[in-house]
Structure formats: structure tokens, C-alpha cells
Amino acid sequence: METIHFKTVDPVSQELLRGASRRGVELNWERYEKQQPQDGFLRLGLSCPYGCMQGPCRIDPYGRGAQRGICGLDRDAMAAAFLLRLTLQGLWEGLDLSGSPRRGIEIAWPAPLEKAAAAAQSTIGGAPLAAADIGESAALLSRPSADPETLVRQAIRLGLLAIGSAKRGKSAATLGYRVGYGLLAKEAVTIAVAGRIPETLAKALLKAAAGRKNPKVRLVSLGDWLPAGKSFLPIVCTSGEAETVVASGRIDLLLAGPGCDPGLATLAASLNIPVLKGEQASAEEELFAQARRAFDRRDPGSFAPDAALVGTGSAALGSAEVQAGLKSASSSKIALLGGSDTLFQSLGHLPVELAKALIGEGHAIASWGDAALWMAKQEIPATTLAPQDGPLAAVASLAATGSLTSLTGICFTGLNACRDLTLALGLAALGLKVAVAVPLPLWGSAAVRTALGTILAATGGSLTHYDHPAQGEELLAWFVRA
Ligand code: SF4
């Protein structure tokens, strides 16, 4: 375990990982290591993404094996179709299809971005963006027919559509948050929530927990930003650390909402921690009783963190609050730096070190997602944005105040779902300078990378990505160069 710093920069997480290893408890890190090397065809975009039952076909990146699929598809069309497949999924993830399924999607550009959006659409070409783009994209992916450039262009259109159809933040809203292991310091029956649970449920559980004494009951989130009234549920850790926390011996019940990783529930069950699905939480008494029984079984010598290990902040969700947050930044240079944890890099290293370096270069930082939690844990001054669509609100806010020129770049430190990739593409299509720190599956086709770069350059934007997990120095250079 002498390489523990390759897994996380947090000394408490390091200690917990050592403890789990001593007890033979396998976590996400062990699964990650067993998965190496991950599928190289997929990683390069050379595994066929078409909805075709004759496959799967793959193309040998080194030119020694198959160079075409059974139908004759070549590497460029395969990689381009893969990009379209991912962006279509990303668009889909961001749509609010609650209510009438036939309502379709509403495109409503934030006023300050209307001009840029119109210019981008005109440069990229085709019919005005519409819900029909979804069906057209699905049709393009049913069987090979389009050339790579058409597929790339369609992927960029979907990126724009994802921004135009993104839900807008509340008109006036900030939500406070607390993050860190110190939230587990005092003795209390601890219910951990992972995945998305409705705000009404989070509030009801908080209220019910508040009335319980001897022992007290507390509710914490394992890396998810879950609104619960005037603040988010207290967040113990970032998403990459969730299993580490479950293995700490300090959790008495896992409440798994939609989107909770299967590994988390499996781990909890293996440690004899009760696991309930989100909808089962409506039986409050049973939930608290199960958590209490697990609390009584706890090893008294289990992990006891320092109460001081808590960072605090306030996330700007409404456009006025985002504007105020960015305005209060004294610097004339603003860097948007955020995104999810990735096991490609030591957890926390990139957002923390890059933010420090950028501040040293005279930048103000605005952040979102796990990256924002790392900054709060390390007390790095930064404006916190909405967990996922924060960069859109920041860009709209800077455009509204005529200060987009102060934006030196938007960097995604990690990607979680496809939604992040689709947003990155859409932001670049709006003429912005965007980077992604984890490799994209485009390295199997130079032609696709060129087509993407050329189309984005015509809009005035760029999407920088690397064939390896990007290092802080590379991204610092990317931010500071003109
Ligand atoms: S579309 Fe072509 S390359 Fe893809 S799986 Fe089918 S036959 Fe193979």
C-alpha cells in the first residue's frame, strides 16, 4: 500500500483504504485494478456502436487485424458513430421527460447566449435545432449510411441541443453545503444516502431524524448533491470515496436511490449493513429501527474522525447568485474547473493542484461536482456552481455581463455520465475553449478528430482532449496560453 497516494490525496481516505485492505474488503479501487487494461477498442472508439445484430465488430488500431466491420464500415465512420452514440445518450440523460411523454423538449436559450447559439447553428448547418434531431440521430445509428463528417456534425448539434434544452436554475437560489469526514465525528445512528432521492423524501427524513435522541440519528450523502430544503444533505465524501466510507464501519444503513452504483449496495450488504431502496424509506419507523440495530452491532473501535474535518460552502443555483459569485471574484481571469471523480487519477489531485496553480496565476475559480467538494475540503477559495449544469449558468452569467472575455477556459476534470461529454461538446460549439482531462474514445481515428476540431474551430470554439489522463501542468499551460 506504499502507492496509496496514487489513489487519493486525502490522508483520512488513505487510512480508511489501508484499513479495508487489512480486513480484505475489496472496494472500487480493487475492481478498477482488475479491469486493467480496459477494452482498448472501446477506449479508441473502434468498437462498433451501431444497433446491428451482426456484430459486434471491432477494428484493429494497429492495422494488423480487421480494418473494416462485416458490413464494410471503416474506422473513421465507426469512431464518428461512437461519438454520436455517446452524445445522444448524454442528451437523453438531461431531458426532463416527467409529465406527458409527448410533451417533447423545449428549447429555450438563456437570453445572453441566444446570439452565440444562432451563430453556431448557422455555422454547423442543417435545419433549426429541434426535438427531431433525436430521432434523426437514432436513425443515423440504426445502420451505417452517413459519412464520418455528417455523424460528427450531428453529435455537435446534439451538444448544442443539450444546452438549449437544459433545465434552468431557480430564479433566486443558493443552497448551503457541508462536506468532509468530520460530519461522522460524533456518535450517532448514521443513514447514508446514495443516488437520487426526491427532495421531499430528504426533507421528511431529516425532520424525522431531528426528533430522535439517545442516540441521535443523522442523514448524510455519499457524494451526491441532494437538495433538502435550505441546504444540501451533508456530504461526507466525494463520489469516488463512497465505498471507502461504507467500509469505514461508521455507516448503519444505506438508502439507495436511482443512480446508486451497484457496487455500493453489494459492499454494504456484504458488511451486514442494511440496504433499502429509496421508495422503502417511506416506512420511516422500520428504516430507523434497522439502522438502530446496525448501530448497536457496531465495532466500538471503528473509525472516529476529527470533527474539524468539515468544509462549508454555498452553491449558486440561480442566475443572479451565479452572477454575484463571479462578480465578487477580484480577478479579471476566470477559470471554470469542475466535474466528477475519476479513478484514472489520484482522487482530488487534479482539481486541488490545478486550482491552486491557477489562483497563483491570478485566476478566480468557479467549480462544480466532485471537484467543488475537493476544493471545499481543502479550503480553496472558489465559487460553487450547480452540481451538473453549473458551467452553463456561469457562461450565461458571464455573457450577460459582457465578461466572457475574462473566461480563460472550461475544464472537466472527470466525466461521469455521457451528459458531461454532451455538455462539453455543446459549450465548445458555442465558441468556448473547453478541455476534458480524461481520454475520449476518439483516438482510433485521426479523421474524426480533425473533423471535430475543424467544425468547432469554425464556431470559434475548441475541445481539447488527450490520449492519456491529463496532468495538472498540461492543463495549466492550456488555461494560461492565449
Ligand atoms: S454495423 Fe457493420 S461494423 Fe457494425 S456490427 Fe454491424 S456489421 Fe459490424
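The shown structure was predicted, so the numbers you read here are calculated from the model rather than taken from an experiment. (Residues numbered from 1 in each chain as written. Predicted model: local features only at pLDDT ≥ 70, side-chain atom pairs only at ≥ 80, totals over all residues. Heavy atoms only, no water.)

Moving on, we come to the sheet that holds strand E6 (residues 253–256). Across the sheet, four strands lie side by side as E3-E2-E6-E7; this open sheet has parallel pairing. Strands at the two margins of the open sheet, each flanked by one partner only, are strand E3 (217–221) and strand E7 (275–277). On average, each strand axis in the sheet is inclined to that of its neighbour by 25°, with strand direction left out of account. Note that strand E2 (residues 189–194) and E3 share five bridges and pair parallel. If you follow Thr 190 over to E3, its bridge partner there is Arg 218. Strand contacts of helix H11 (residues 284–297): E2, E3, E6 and E7, with the helix running at about 120° to E2, the strand carrying the most contacts. (Pairing = 2+ DSSP bridges. Helix = DSSP H or I, 4+ residues; strand = E, 2+ residues; numbered from the N terminus. Axes fitted to C-alpha atoms, helices over the stretch in contact; angles between N-to-C directions. Contact = heavy atoms within 4.5 Å.)

Turning next to empty space enclosed by the protein. Under the criterion given, the structure shown has one cavity of 30 Å³ or more. In this structure, the largest cavity spans a volume of roughly 90 Å³. Contributing to the lining of the largest cavity are 15 residues, with Ser 340, Asp 341, Thr 342, Gly 348 and Pro 351 lying nearest its centre. The set of elements that each furnish at least two residues to the lining of the largest cavity consists of helix H13 (349–360) and helix H14 (369–377). Here the lining of the largest cavity is composed, by residue class, of five nonpolar, eight polar and two charged. (1 Å grid on protein atoms, 1.4 Å probe; cavity = no way out; pocket = protein on both sides within 12 Å on 5 of 7 lines; lining within 4 Å. Points joined across faces, edges and corners; volume = space filled by probe spheres on them. Nonpolar A, V, L, I, M, F, W, Y, C, P; charged D, E, K, R; others polar.)

For the protein chain, the assigned domains read domain 1 (4–34), domain 2 (40–164), domain 3 (181–297) and domain 4 (316–480). Using only C-alpha atoms to locate each centre, domain 2 and domain 3 end up separated by 38 Å. (Domains from an automatic or database assignment.)

Right, let's talk about helix H4 (residues 75–94) for a bit. For H4, which comprises 20 residues, the first-to-last C-alpha distance of 29 Å matches the rise-based estimate of 28 Å (1.5 Å per residue) to within 8%. Burial within H4 is extensive, with 14 of its 20 residues counted as buried. Among the residues of H4, the N-terminal cap falls to Asp 74, whose side-chain oxygen and the backbone nitrogen of Asp 76 are separated by 3.2 Å. (Expected span 1.5 Å × (residues − 1). Buried < 20%, exposed > 50% of the residue type's maximum accessible area, 1.4 Å probe, protein only. Polar contact = N/O pair within 3.5 Å; in protein donor to acceptor, adjacent residues only side chain to side chain.)

Most of strand E9 (residues 333–338) sits inside the fold, with five of its six residues counted as buried. Note: E9 against strand E10 (residues 363–367), four bridges, orientation parallel. Of the residues in E10, the one forming a bridge with Ile 334 is Ala 364.

For Asn 28, the position within the fold is in helix H2 (residues 28–34). A distance of 3.1 Å separates the side chain of Asn 28 from the backbone oxygen of Gly 240, its partner in a polar contact. Contact partners of Asn 28, with chain neighbours within four places excluded, come to Gly 240, Glu 243 and Leu 343.

Counting residues in hydrophobic clusters, the biggest one holds 77 residues, and the most contacted among them are Ile 156, Leu 336, Ile 410, Leu 427, Val 434, Leu 452 and Leu 463. When we break this core down by domain, the ones giving at least three residues each are domain 2 (40–164) and domain 4 (316–480). Residues in contact with Leu 463, not counting those within four places in the same chain, are Ala 424, Leu 425, Ala 428, Val 434, Val 436, Leu 440, Leu 452 and Leu 456. Counting residues in hydrophobic clusters, the runner-up holds 51 residues, among them Ala 242, Cys 260, Phe 303 and Leu 337. (Core = buried A, V, L, I, M, F, W, Y, C linked by side-chain atoms within 4.5 Å.)

When you tally the buried positions in E2, you get six out of six residues, the bulk of the element. Neither face of E2 is left uncovered, since the one carrying Val 189, Ile 191 and Val 193 and the one carrying Thr 190, Ala 192 and Ala 194 both have all their residues buried. The handedness of the E2 to E3 crossover, carried by helix H8 (residues 199–210), is right-handed. (Right-handed = clockwise from strand over helix to strand, strands pointing away.)

This part is about unusual backbone geometry. Omega for the bond connecting Gly 55 with Pro 56 falls within 30 degrees of zero, at 5°, which places this linkage in the cis form. Secondary-structure assignment places Pro 56 in the loop between helix H3 (40–44) and H4. Note that the residue after Asn 214, namely Pro 215, is joined by a cis bond; omega there is -5°. Within the secondary structure layout, Pro 215 lies in the loop between H8 and E3. We note that Asn 214 has phi near 45°; this positive angle belongs to a residue other than glycine. According to the relative accessible area criterion, Asn 214 is exposed, its value standing at 74%. Unusually for a residue other than glycine, Asn 272 sits at a positive phi of about 65°.

To describe a pair of aromatic rings, one takes the distance between the centres and the angle between the planes. Across all of its chains, the model carries seven aromatic pairs by this definition. Taken together, a centroid distance of 5.0 Å and an interplanar angle of 65° make the contact between Tyr 177 and Trp 225 edge-to-face. Separated by 48 residues along the polypeptide, Tyr 177 in strand E1 (residues 174–179) and Trp 225 in the loop between E3 and strand E4 (227–228) bring together distant segments of the chain. An identical accessibility class is assigned to Tyr 177 and Trp 225; each is buried. An angle of 85° between the planes, with centres 5.2 Å apart, marks the rings of Trp 225 and Phe 232 as edge-to-face. A residue is classified by how much of its surface remains accessible, and Trp 225, at 13% relative accessible area, is buried. (Phe/Tyr/Trp six-rings, centres within 6.5 Å; stacked < 30°, edge-to-face > 60°.)

The subject of this paragraph is the pattern of salt bridges. Considering all chains together, one arrives at 18 salt bridges under this definition. One salt bridge in this structure joins Arg 58 and Asp 39, with 3.6 Å as the shortest N-O distance. On the criterion of sequence distance, the pair formed by Arg 58 in the loop between H3 and H4 and Asp 39 in the loop between H2 and H3 is long-range, its members being 19 residues apart. For Arg 58, a relative accessible area of 40% corresponds to the partly exposed category. (Salt bridge = Lys/Arg side-chain N within 4 Å of Asp/Glu carboxyl O.)

Next up on the list: the environment of Ser 282. Tracing the chain through its elements places Ser 282 in the loop between E7 and H11. Here the alpha-carbon distance between Ser 282 and Leu 205, two residues 77 residues apart in the chain, equals 8.8 Å.

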